[in-house]
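The primary structure of each chain is shown beneath.
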Amino acid sequence: MHSILKITKLQKKFLLHNQNGAVLDVLRGISLEVGEREIVALCGPSGIGKSSLLKALYGTYRVNGGTIEYWLDDQWLDLTRATAREILNLRKMMIGYVSQFLRVIPRVPTLDIVAEPAIELGESEEAARQRAADLLDKLRIPEELFSLSPLTFSGGEQQRVNIARALSAPRKLTLFDEPTASLDPVNRRTVLEMIAHLRESGNAIVGIFHDARDREILGAREIDLSIQDELSHA
Amino acid sequence: MTAPLLSVGNLTKRFGATTACSGISFDLWPGEVLGIVGESGSGKTTLLQCVAGLQSADEGSVAYHLDDGHRIELSTLSEPALRRMQRTEWAFIHQHPHLGLRMNVSAGANIGERLMANQWQHYGNIRSEAEKWLQAVEIDSSRIDDLPSTYSGGMQQRLQIARNLVSKPKLVFMDEPTGGLDVSVQARLLDLIRNLVRKFGLSVVIVTHDLAVARLLSSRLIVMRNGEIIEEGLTDQVLEDPQSAYSQLLVSSILQV
Amino acid sequence: MSTEPASVPDPGYNFAYLNEQTKKMIRRALLKAIAIPGYQVPFASREMPMPYGWGTGGVQVTASILTPDDVLKVIDQGADDTTNAVSIRKFFRRTAGIATTSDTETATVIQTRHRIPEEPLSESQILVFQVPIPEPLRFLEPRETETRKMHAYEDYGLMHVKLYEDISQNGHIATTYAYPVRVEGRYVMDPSPTPKFDNPKMDNCEALQLFGAGREKRIYALPPYTRVVSLDFEDHPFEIQKWTEKCSLCGADDSFLDEVITDDKGGRMFVCSDTDFCSKRQIGRQEAAE
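Residues numbered from 1 in each chain as written. Chains lettered and ligands numbered in written order. Predicted model: local features only at pLDDT ≥ 70, side-chain atom pairs only at ≥ 80, totals over all residues. Heavy atoms only, no water.

*Asks:* In this structure, what is going on with the overall build of chain A? I would like to understand it.
*Replies:* For chain A, the helix and strand inventory stands at eight helices and nine strands. The C-alpha radius of gyration of chain A comes to 18 Å, within 12% of the 17 Å expected for a compact globule of 234 residues. Summarising its shape, the C-alpha atoms of chain A cover approximately 50 × 40 × 35 Å along the three principal directions. For chain A, with 234 residues in total, the buried portion stands at 53%. For chain A, the proportion of contacts with a sequence separation of at least 24, taken over those separated by at least 6, is 68%. About 11000 Å² of surface is accessible on chain A, with carbon and sulfur atoms providing 48% of the total. (Helix = DSSP H or I, 4+ residues; strand = E, 2+ residues; numbered from the N terminus. Rg over C-alpha atoms; globule rule 2.2 N^0.38 Å. Buried < 20%, exposed > 50% of the residue type's maximum accessible area, 1.4 Å probe, protein only. Contact = heavy atoms within 4.5 Å. Areas by Shrake-Rupley, 256 points an atom, 1.4 Å probe, with all protein chains shown as cover.)

*Asks:* Sorry, what's going on with the sheet that holds strand 1 (residues 6-15) of chain B here?
*Replies:* All names here are of chain B. Taken together, four strands build an open sheet; the order of strands is 2-1-4-5 and the sheet is antiparallel. Of all the strands in the sheet, just strand 2 (18-28) and strand 5 (71-73) have a single pairing partner and so form its edges. Between one strand axis and the next, the sheet turns through 25 degrees on average, direction left out of account. The pairing of strand 4 (residues 59-65) with strand 5 spans three bridges and is antiparallel. (Pairing = 2+ DSSP bridges. Axes fitted to C-alpha atoms, helices over the stretch in contact; angles between N-to-C directions.)

*Asks:* When you look at the interface of chain C and chain B in this model, what are you seeing that I'm missing?
*Replies:* Quoted interface sizes are often the accessible area lost when the parts come together. On the chain B side, the residues contacting the 20 residues of chain C number 21 residues. Of the roughly 2000 Å² buried at the junction of chain C and chain B (both faces included), carbon and sulfur atoms supply 55%. Between the two partners, chain C and chain B, sit five salt bridges. As a salt-bridge pair, Arg 83 of chain B and Glu 146 of chain C come within 3.1 Å of each other at their nearest N and O atoms. If you look at where chain C meets chain B, you find twelve residue pairs in polar contact (both at pLDDT 80 or more). For the side of chain C that touches chain B, the secondary structure elements donating two or more residues are helix 4 (144-152) and helix 5 (157-170) of chain C. For the side of chain C that touches chain B, the element with the highest residue contribution is helix 5 of chain C, accounting for eight residues. (Buried area = accessible area lost by both parts, 1.4 Å probe. Salt bridge = Lys/Arg side-chain N within 4 Å of Asp/Glu carboxyl O. Polar contact = N/O pair within 3.5 Å; in protein donor to acceptor, adjacent residues only side chain to side chain.)

*Asks:* Explain the interface of chain B and chain A to me, please; I cannot follow it from the model alone.
*Replies:* Each partner contributes to the interface: chain B provides 27 residues, whereas chain A provides 26 residues. With both sides pooled, the region where chain B packs onto chain A buries about 2300 Å², and carbon together with sulfur makes up 52% of that total. Applying the counting criterion to the chain B and chain A interface returns six salt bridges. A salt bridge links Arg 198 of chain B to Glu 116 of chain A, with the nearest nitrogen and oxygen atoms 3.2 Å apart. Connecting chain B to chain A are 14 residue pairs in polar contact (both at pLDDT 80 or more). Those elements that place two or more of their residues in the side of chain B that touches chain A are helix 7 (183-200), helix 8 (211-217), strand 10 (228-234), helix 9 (235-240) and helix 10 (245-252) of chain B. The element that contributes the greatest number of residues to the side of chain B that touches chain A is helix 7 of chain B, accounting for seven residues. Here the residues of the side of chain B that touches chain A sort into nine nonpolar, seven polar and eleven charged. (Nonpolar A, V, L, I, M, F, W, Y, C, P; charged D, E, K, R; others polar.)

*Asks:* It is not clear to me how the packing of aromatic side chains should be interpreted in this structure. Could you clarify?
*Replies:* The relation between two aromatic rings is expressed through the spacing of the ring centres and the mutual angle of the planes. Taken as a whole and judged by the stated rule, the model has 19 aromatic pairs over all chains. Considering the side-chain rings of Tyr 17 of chain C and Phe 91 of chain C, the 5.3 Å spacing of their centres and the 55 degrees angle between planes classify their relative orientation as tilted. With Tyr 17 of chain C in the loop between strand 1 (3-4) and helix 1 (20-35) and Phe 91 of chain C in helix 3 (residues 83-96), this pair connects stretches of sequence that are 74 residues apart. These aromatic residues form a ring-pair network of at least three members: Tyr 64, Trp 90, Phe 92 and Phe 173 of chain B. Taking the ring centre of Tyr 58 of chain A as reference, the NZ or CZ of Arg 91 of chain A above it sits at 4.0 Å. Sitting over the face of the ring of Phe 139 of chain C, Lys 162 of chain C holds its NZ or CZ atom 5.5 Å from the ring centroid. (Phe/Tyr/Trp six-rings, centres within 6.5 Å; stacked < 30°, edge-to-face > 60°. Lys NZ or Arg CZ within 6 Å of the ring centre and 35° of its normal.)

*Asks:* What exactly am I supposed to notice about the packing of helix 4 (residues 107-117) of chain B against helix 5 (residues 123-136) of chain B here?
*Replies:* When two helices pack together, their arrangement is captured by the angle between the axes and the distance separating the axes. Residue and element names in this part refer to chain B. In contact at an axis separation of 9 Å, helix 4 and helix 5 are set at 120 degrees when each is read in the N-to-C sense. One way to sum up the angle between helix 4 and helix 5 is to call them oblique. As for how helix 4 packs across helix 5, the hand of that crossing is right-handed. Only Ile 126, Glu 129, Ala 130, Trp 133 and Leu 134 of helix 5 make contact with helix 4, whose side of the interface consists of Gly 108, Ile 111, Gly 112, Leu 115 and Met 116. Classifying every residue of the contact of helix 4 with helix 5 gives seven nonpolar, two polar and one charged. (Parallel < 35°, antiparallel > 145°, perpendicular 65-115°, else oblique. Left-handed = near helix turned anticlockwise from the far one by under 90°.)

*Asks:* Would you mind showing me how to read the pattern of salt bridges here?
*Replies:* Side-chain pairing between opposite charges can occur once the charged atoms of the two side chains come close. On inspection of all chains with the given rule, the structure shows 55 salt bridges over all chains. Notably, a salt bridge pairs Arg 194 of chain B with Glu 116 of chain A, separated by 2.5 Å at the nearest N-O pair. With Arg 194 of chain B in helix 7 and Glu 116 of chain A in helix 3 (residues 110-120), this residue pair bridges two chains. By relative accessible area, Glu 116 of chain A is classed as buried at 11%. A salt bridge links Arg 215 of chain A to Glu 222 of chain A, with the nearest nitrogen and oxygen atoms 3.0 Å apart. Taking the relative accessible area as the measure of exposure, Arg 215 of chain A reaches 13% and is therefore buried. Relative accessible area serves as the criterion here: at 44%, Glu 222 of chain A is assigned to the partly exposed category.

*Asks:* Whenever I open this one, the sheet that holds strand 7 (residues 171-175) of chain B confuses me. Can you help?
*Replies:* Strands in a sheet are paired, the pairing made by backbone hydrogen bonds, and the direction either parallel or antiparallel. All names here are of chain B. The strand order across the open sheet formed by six strands is 6-7-8-3-9-10, and the pairing between neighbours is mixed. In this open sheet, the two edge strands, each paired with only one partner strand, are strand 6 (90-93) and strand 10. Each adjacent strand pair in this sheet contributes to an overall mean axis angle of 15 degrees, direction not counted. The sheet contact formed by strand 3 (residues 33-37) and strand 9 (residues 220-225) spans four bridges and is parallel. Looking at the pairing, Leu 34 lines up with Arg 220 of strand 9.

*Asks:* Would you mind showing me how to read the pairing of strand 13 (residues 268-272) of chain C here?
*Replies:* The side chains of a regular strand alternate between both faces of the sheet. When strand 12 (residues 257-261) of chain C meets strand 13 of chain C, the two strands line up antiparallel, connected through five bridges. Looking at strand 13 of chain C, one finds that Glu 259 of chain C is bridged to Phe 270 of chain C.

*Asks:* Mind showing me how you'd approach empty space enclosed by the protein here?
*Replies:* Rolled over the atoms, a probe with the dimensions of a water molecule shows which regions are left empty. Counted under the stated rule, the structure contains one cavity of 30 Å³ or more. Space inside the largest cavity adds up to approximately 40 Å³. Together, Pro 80, Arg 83, Arg 84 and Arg 87 of chain B together with Tyr 153 and Asp 155 of chain C line the largest cavity. Of the residues belonging to the lining of the largest cavity, the class tally is two nonpolar, no polar and four charged. (1 Å grid on protein atoms, 1.4 Å probe; cavity = no way out; pocket = protein on both sides within 12 Å on 5 of 7 lines; lining within 4 Å. Points joined across faces, edges and corners; volume = space filled by probe spheres on them.)

*Asks:* Help me understand the environment of Gly 38 of chain C, please; the structure alone is not making it clear to me.
*Replies:* Residue and element names in this part refer to chain C. Mapped onto the fold, Gly 38 is located in the loop between helix 1 and strand 2 (41-42). You can call Gly 38 buried: its relative accessible area is 4%. Through-space distance from the C-alpha of Gly 38 to that of Met 25 is 19 Å; in sequence the pair is 13 residues apart. Ignoring anything within four residues of it in the chain, the contact list for Gly 38 reads Val 183, Tyr 187, Val 188, Met 189, Tyr 220 and Ala 221.

Right, dumping it as structure tokens:
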């Protein structure tokens, strides 16, 4: 199995200028490799840096040390040294990110929001909207909601719209930040099935799944960040 | 494409003893939406006007790359050549629609002006193109013969966009395009701008003090203060992991609904 | 038709009222205007012994080009006998002592307010227009700093915006006078408030055409045989006015007609606006009848 992501001695500190220069030392030299078609689950108590690591992998957080290398176009690209354009291209070609919260323009219909990533990748509007409708349908979003903005939806519905959006144009690696957090058992199972299917169709996943059963169903490799100091010395 | 569309190098503009912007450098790549944020008086609008050729900079360079690979240095262009570029390759969307529209002629004539300046000579064609563009900005084409003054603020702003995009520009400058609008109207305009940017592959430099607008439209951000660039990066980088004290303050001041 | 011979001018005035320095200044502006057809040349317009709007620009141009041998004709809306035309003729008879006429053919200088005579002009004649507003772009762009640049850069999209508005509001180009023209493919020019009926007469005209705007302090010109094209759209080509009626006095069906109300019961008739043209035709008909 070939690695598609190689994290080496990654460090992230937050310097809070407006809070008397407080420093949060969140990631302390973690190293990790992720292979093709692998599901990696980040574990550990809240505040340990799981979300921070995901955001660092997506390039949202700028790190203070170490490297994050992606296998793109038959060579390693270090995200921590990449230009803004290279990061944007890397995201477009390779990384999907499903945040915990949906952030969209108000009043834009759900179907358009879900179809957008595929259209951006050059798919026809018609095909993208068809797939968006299928995905929403699978995730039990009633069709009469398609034309409404998801900002009026419940938390669980928003969560599913967010997931559908990521799956409308799946990338080689998808980062999930608690995708099942606010879902009922039926929808939870559907989402897990869809994630499993994502892997089967050749993609890797790094995610935060709170429920141990979820991790088990997905057959995820667990990385416990509460022992990251040990991980970093390994 | 291997070259940026627009390269700004060390641009400085002074008004007497006041330095409005100083030593500003950035590149804009094709298809990119770059946001310039900062509070009023930070020099962002002056910067935009210098880059767009509406004001002349005191120092520094603004280079624009044409399709054929030629690189144009703004300060060396003659005024007619600059004007031609401003009404063909470029567009400028003002915060106040009345600055960008002719309020005393109809919506159709407003849209048609750039076409007529670019040698369109067939009334019927000009009119049907204007109708097409009214629809593109979600204005009922039956309003084509009405004066812009009979339009609402949001419609005027959309008309200004249509008037500018009709010549199929590659680079669009926007100065607080949603500035004076009600929030509900703002949302619709933001969505429209996003769709137009994608549909026509526009490159955009947008100045705004509204970080929410910047987040929804731009892929990259520049934070300005006192005429200087304080911080830059991907939009999500700047907004979620601001590095400088000022950016952190700015981001933490966003109102939550 | 009336012609009055040359006489002795009032000795209290310099020839044709203006002093020689002023005439030189205006002639320099005229030469520049002739050299750049359609371009508005600024000049130091003088106070004249008549109010603005009564032809002060035209009078200054006429005063600067008159010689003692000239024969002057003055028309106002085509007529030789209106107050304005009579006064200006009288003014030059008194200050220059020159001959005056109403006959288009014998005149060497014709000062006009808003018409071009129906009779074709010749190389030995000069037509002087009185112009109220020389700037064709002003209707849409009031800033002089901006309109000057638009002329300099041939940035004339705005001119068609005006015509576009006309069609969108009226279904056709409703501008009937001061209809904008393009001169020699370069400058857009306001032909003064002449009816568009006269625009084709400006094109390739044998006579020299001079335009004077006194209040606005601008002079422009069309040298003989200049190409003058009325602006239009491909699908709305330029057209001149047409009448279903003929002139009630001379029967002409190819001249510019004025509508005259004859009573308060809806009675009306159409007559030639060019009185000299009309009266010559009437004489011709009488002679033919006899």
